[in-house]
Amino acid sequence: MKIGINCLKVNPNYQGGVNTYVHGLIQGLIKTSPNDQIVLFVHKRNRRIFNQYCSSQRVSIVEMAYRNAIHTRLLNRIIVLLFSYRVFRVYNRYKFGNIAQSISKSCDVIYSPSATNFPYYYSIPSVVSLHDLLHLNYPSHFTFTNRKFRGVTYRLTVETAHLIQASSVYIKNDILANYKKIQPEDIEVISEGVDLEYFKFNNYQSNKNNIQLPEKYLLYPAQAWKHKNHINLFMALRILKDEYNINIPLILTGALTQNSAQAIIQFIEKNHDLEITHLGLVEKDYLKHLYKQATYLILPTYHESSSLPIYEAMACGTPIIAANIPAISEMSEVFEINLFDPTNPE
């Protein structure tokens with residue numbers, strides 16, 4: 001079988017859950033599906049991050065003539081804002097239908113790991129990972145335009161995908177509650193995973209970050225999204241310092257470019273007496289080193305579909321403190337996780 005993976009929406013400059021998930025998926029298929037061919041559909045600007053798979057005889061890379069340029073994104077949003085859902089469907093079939101058909105001729109099934117089934121109109125079975133419905137659960141975290149755009153593209157995704165993969169029972173139920181035409185058998189719950197062999201050993205040699213890590217510290221690897229709840233974690237550390245004279249070092253990683261970045265930066269700058277260190281984006285081996293050295297992984301997030309950091313910490317043997325939210329509570333039935341209320345810093 002030829003398994004296609006649609007990588008057209010993968011941002012080569014982003015480091016986070018979706019990109020980690022995509023690379024883990026490709027590596028997993030190479031290891032576990034010896035009789036299948038894997039076809040990666042990429043574009044000119046992100047091909048470089050997939051060239052590492054060229055050495056496998058079972059992987060082929062197809063560069064598509066797709067440009068997600070600023071004017072294309074702007075036109076998409078104008079159509080969403082000014083016209084009907086039907087017009088958006090017709091436009092996408094006209095504009096990107098050739099890409100869908102080209103992909104359909106090159107593989108037997110196509111999998112889209114980036115939350116939408118773009119370019120939607122395949123003539124072969126399509127599977128999509130619908131990671132979360134944040135725009136519905138936390139609409140205030142999105143601009144009106146982005147909320148509207150996600151609403152339209154997610155609706156078109158659930159209408160055109162043959163199968164939806166959810167990372168947890170919680171997300172499956174959330175999808176069923178919000179999209180009434182979907183049947184339970186249209187959604188398959190498949191949890192994420194990690195390469196246990198990779199996380200077994202701490203082989204990090206150099207310290208490019210030139211950071212002297214504390215002997216004991218909490219680790220929180222997360223992008224600066226509002227739902228990651230950095231500020232409540234900071235407030236908890238503030239309370240421990242002020243009321244109990246306990247100063248617990250916290251190491252943060254992840255890009256500071258999302259909608260909570262400014263609040264995070266301001267808090268750290270105003271609270272120099274707290275031992276909070278933000279390392280920004282770090283390389284994969286160094287992140288593994290941080291897991292191995294950490295006293296605890298802490299996850300104060302108040303929304304997740306699942307959690308790759310929990311799987312990674314477990315693979316490293318690092319204890320976990322995490323928010324008592326549905327997806328993580330579900331994981332705690334399998335893993336030993338210390339749960340807490342993420343809405344209350346105390």
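Residues numbered from 1 in each chain as written. Predicted model: local features only at pLDDT ≥ 70, side-chain atom pairs only at ≥ 80, totals over all residues. Heavy atoms only, no water.

Among the secondary structure elements, Glu63 is positioned in strand E3 (residues 59-63). On the accessibility criterion, Glu63 (41% relative accessible area) is partly exposed. For Glu63 and Asn173, which are 110 residues apart along the polypeptide, the C-alpha to C-alpha distance reads 36 Å. Filtering out sequence-adjacent residues up to four positions away, Glu63 remains in contact with Val42, His43, Lys44 and Arg47. At 3.5 Å, the side chain of Glu63 forms a polar contact with the side chain of Arg47. (Helix = DSSP H or I, 4+ residues; strand = E, 2+ residues; numbered from the N terminus. Buried < 20%, exposed > 50% of the residue type's maximum accessible area, 1.4 Å probe, protein only. Contact = heavy atoms within 4.5 Å. Polar contact = N/O pair within 3.5 Å; in protein donor to acceptor, adjacent residues only side chain to side chain.)

It is worth spelling out the pattern of salt bridges at this point. Within this structure, the stated rule accounts for ten salt bridges. For Arg47, the salt bridge goes to Glu63, with nearest N and O atoms at 3.5 Å. Residue Arg47 is found in the loop between strand E2 (37-42) and E3, and its partner Glu63 is found in strand E3; the two are separated by 16 residues along the sequence. Close ionic contact of Asp132 with Arg150 constitutes a salt bridge, the shortest N to O distance being 3.2 Å. Of the two residues, Asp132 is situated in the loop between strand E5 (126-129) and helix H4 (134-137) and Arg150 in helix H5 (residues 144-160); the sequence distance between them amounts to 18 residues. Each of Arg238, Lys241, Asp242 and Asp273 takes part in salt bridges that share partners, so that together they form one network. (Salt bridge = Lys/Arg side-chain N within 4 Å of Asp/Glu carboxyl O.)

Reading across the sheet, the seven strands line up as E3-E2-E1-E4-E5-E6-E7 and stay open at both edges, with parallel pairing between neighbours. Where the open sheet ends on each side, the last strands, each with one partner, are E3 and strand E7 (187-189). Pairwise comparison of adjacent strand axes, ignoring direction, gives a mean angle of 25° for this sheet. Sitting on the sheet, helix H1 (residues 17-32) touches strand E1 (2-6), E2, E3, strand E4 (109-112), E5 and strand E6 (163-166), and the angle it makes with E1 is about 170°. (Pairing = 2+ DSSP bridges. Axes fitted to C-alpha atoms, helices over the stretch in contact; angles between N-to-C directions.)

To continue, consider the pairing of E6. Both E5 and E6 contribute to a ladder of three bridges, which runs parallel. Residue pairing in the sheet places Val127 in a bridge with Leu163 of E6. Of the pairings in the sheet, the one linking E6 to E7 comprises three bridges and is parallel in character. Following the sheet pairing, Gln165 is matched in E7 by Glu188. For the segment spanning E6, helix H6 (residues 169-178) and E7, crossover handedness is right-handed. (Right-handed = clockwise from strand over helix to strand, strands pointing away.)

A separate point is the sheet that holds strand E10 (residues 276-278). Think of a sheet as strands paired side by side through backbone hydrogen bonds, with each pair either parallel or antiparallel. Across the sheet, six strands lie side by side as E10-E9-E8-E11-E12-E13; this open sheet has parallel pairing. A strand with exactly one partner marks an edge of an open sheet, and here the two such strands are E10 and strand E13 (338-340). On average, each strand axis in the sheet is tilted by 25° relative to the strand beside it, whichever way the strands run. Here four bridges tie strand E8 (residues 218-221) to strand E9 (residues 250-253), and the two strands are oriented parallel to one another. Following the sheet pairing, Leu218 is matched in E9 by Leu250. The sheet strands contacting helix H11 (residues 308-316) are E8, strand E11 (296-299) and strand E12 (320-323), and the helix crosses E11 at an angle near 170°.

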